[in-house]
Amino acid sequence: MKKPSSTATNLNKESLRHMVTMNDFTRAEMDDMLELMSLLKEARRDNAVPHLFKDKSLAMIFEAGSTRTRVSFETAATLLGGHALFLSPRDIHLGTKESIDDTARVLSRMCDIIMARTNSGATTKALTKMSTVPVINGLDCVYHPTQMLADIFTMKEHMPAGKKLSDLTVAFMGDATDVCRSLLLTCTKYGMDFKQIGPKKYQMQEEWLKVADKNCAETGATYEITDDVSKVSECNAIYGDSFYWTTQLDEKEERLAAFMPDYVITKELMEKAAPGAILMHCLPANDKEEVTREVLEGSRSVAFDQAENRLTAQMAILVYFTHKYTKEPSQETLKKHETRIKDFLKKL
């Protein structure tokens, strides 16, 4: 079926790209995104963010709630001169009264870009299949690319003097979550070494290790999946995440028993990490479970820098994925339409 072009923005382009996983992008493309983030962050510091999303709209589909994803995307659109629409299950009929395909078609004709935080990777794929504008995965229980972009940027801001990103070793403490999976693939794609440190029952599945193997063959990165906490001594960044999520509350006690106390990020554990190692966390954090408040608010923590950089990342994403399709009207064109419309209104 031929996808209809949006009559408003004419975005049905052969080169249309979506952001489902960071693993879809080359290192050079990620470098471009990071450079754009740096430029936009400097502009924000000077209260001089250019309106590169002017007169554009972002559709934000939320099947699941979020603090950082919603606030960062909505604020990014505003700072860039555009508009964001929050669409919860109460606001639209995604996959219920209306098919995902039709939702994608409609939003594509009214908005310039779609961000979707869904409960299924299948929903994200379905949106990309029929959308004629870029679709950004805001987390779909498989991948979390927007978090990864903020994470790499934060590592770059805080990496040891004289080192580059590909010199770093990152440790994820805990379960093989969507964040852990995304971090494994993003780090190995970028040439960074990666370790997942956690109980054997909760370690990364083989299918994702095969993808990481391909990345390592291309970039020279390495990965290690282990239950040995002493491996933090080799790591420049220690990354924490919840040991359970809302869909796993029936497993909460079993999971906490498996992870605590050995895999809790404490001051003592951070002291065993490589000199100058930083504490990262995608938030929200559960105090005294996966990380102690002392560490989260300590001098090594960059967790709240990460959170702020979600805004930096979203600004870059909105610009990166729409700038090629921006068509600035000439003053002559603007005047022509203004005159025609005003002349008509005078007759009413």
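Residues numbered from 1 in each chain as written. Predicted model: local features only at pLDDT ≥ 70, side-chain atom pairs only at ≥ 80, totals over all residues. Heavy atoms only, no water.

*Asks:* Even after reading the chapter, I still don't get the overall build of the protein, so can you show me in this structure?
*Replies:* Secondary structure assignment for the protein yields 12 helices and 9 strands. Its C-alpha radius of gyration of 22 Å places the protein within 12% of the 20 Å reference for a compact globule of 348 residues. The C-alpha extent of the protein, read off along each of the three principal axes, is 80 × 45 × 40 Å. The proportion of buried residues among the 348 residues of the protein is 52%. Relative to all contacts within the protein whose residues are 6 or more apart in sequence, the contacts with residues 24 or more apart total 75%. Accessible area of the protein: about 16700 Å², with a carbon and sulfur share of 51%. Each charge sign in the protein was given a centre, from 46 positive and 50 negative side chains, and these centres are 8 Å apart. (Helix = DSSP H or I, 4+ residues; strand = E, 2+ residues; numbered from the N terminus. Rg over C-alpha atoms; globule rule 2.2 N^0.38 Å. Buried < 20%, exposed > 50% of the residue type's maximum accessible area, 1.4 Å probe, protein only. Contact = heavy atoms within 4.5 Å. Areas by Shrake-Rupley, 256 points an atom, 1.4 Å probe, with all protein chains shown as cover. Lys, Arg positive; Asp, Glu negative; His and termini not counted. Charge placed at Lys NZ, Arg CZ, Asp CG, Glu CD.)

*Asks:* Before we go on, may I ask you to explain the nonpolar core in this structure?
*Replies:* Nonpolar side chains in soluble globular proteins tend to be buried together. Ranked by size, the top nonpolar core spans 64 residues in total, and within it Met19, Leu58, Leu149, Leu183, Leu318 and Phe321 carry the most contacts. The residues contacting Leu183, other than those within four sequence positions of it, are Met148, Asp151, Met155, Val170, Phe172, Phe194 and Tyr239. If you look at the next biggest cluster of nonpolar residues, it comprises 24 residues, including Ile197, Ile238, Val264 and Ala277. (Core = buried A, V, L, I, M, F, W, Y, C linked by side-chain atoms within 4.5 Å.)

*Asks:* Would you take a moment to explain the sheet that holds strand β2 (residues 83-87) for this structure?
*Replies:* Strand order across the open sheet formed by 4 strands is β2-β1-β3-β4, with parallel pairing between neighbours. Either end of the sheet is taken by a strand with one partner, and the two such strands are β2 and β4 (135-137). Looking at each pair of strands side by side, their axes are set apart by 20° on average, direction ignored. Note: strand β3 (residues 113-117) against β4, 3 bridges, orientation parallel. If you follow Ile114 over to β4, its bridge partner there is Val135. Contacting β1 (57-62), β2 and β3, helix α3 (residues 100-110) crosses the sheet at an angle of about 140° to β3. Taken strand by strand, helix α11 (residues 303-322) contacts β1, β3 and β4, and its axis lies near 135° from that of β3. (Pairing = 2+ DSSP bridges. Axes fitted to C-alpha atoms, helices over the stretch in contact; angles between N-to-C directions.)

*Asks:* How should I be thinking about the UniProt feature "domain: Aspartate/ornithine carbamoyltransferase Asp/Orn-binding" (unreviewed entry) in the protein in this particular structure?
*Replies:* Under the local residue numbering, the UniProt record ascribes the feature "domain: Aspartate/ornithine carbamoyltransferase Asp/Orn-binding" (unreviewed entry) to residues 167-320. The distance separating the terminal C-alpha atoms of residues 167-320 is 27 Å; by composition the span is 41% helix and 14% strand. (UniProt positions renumbered as here; feature names shortened; annotations may be inferred.)

*Asks:* Explain empty space enclosed by the protein to me, please; I cannot follow it from the model alone.
*Replies:* Rolled over the atoms, a probe as big as a water molecule pinpoints where empty space is left. Enumeration according to the criterion identifies 3 cavities of 30 Å³ or more in this entry. The computed volume of the largest cavity comes to approximately 40 Å³. Contributing to the lining of the largest cavity are Met155, His158, Met159, Pro160, Leu168, Asn236, Ala237 and Ile278. Among the residues making up the lining of the largest cavity, the classes are represented as 6 nonpolar, 2 polar and no charged. (1 Å grid on protein atoms, 1.4 Å probe; cavity = no way out; pocket = protein on both sides within 12 Å on 5 of 7 lines; lining within 4 Å. Points joined across faces, edges and corners; volume = space filled by probe spheres on them. Nonpolar A, V, L, I, M, F, W, Y, C, P; charged D, E, K, R; others polar.)

*Asks:* Looking at this structure, I do not really get the layout of surface pockets. What am I missing?
*Replies:* Roughly 750 Å³ of internal volume is contained in the largest pocket. Lining the largest pocket are 32 residues, with Arg117, Leu139, Asp178, Trp245 and Thr246 sitting closest to its centre. Looking at the lining of the largest pocket, the elements with two or more residues in it are α2 (68-79) and α6 (178-190). Per-element accounting of the lining of the largest pocket gives the leading share, 3 residues, to α6. Looking at side-chain class alone, the lining of the largest pocket contains 11 nonpolar, 13 polar and 8 charged residues. Summarising the domain contributions, the lining of the largest pocket has at least three residues from each of domain 1 (18-144 + 308-324) and domain 2 (146-306). (Domains from an automatic or database assignment.)

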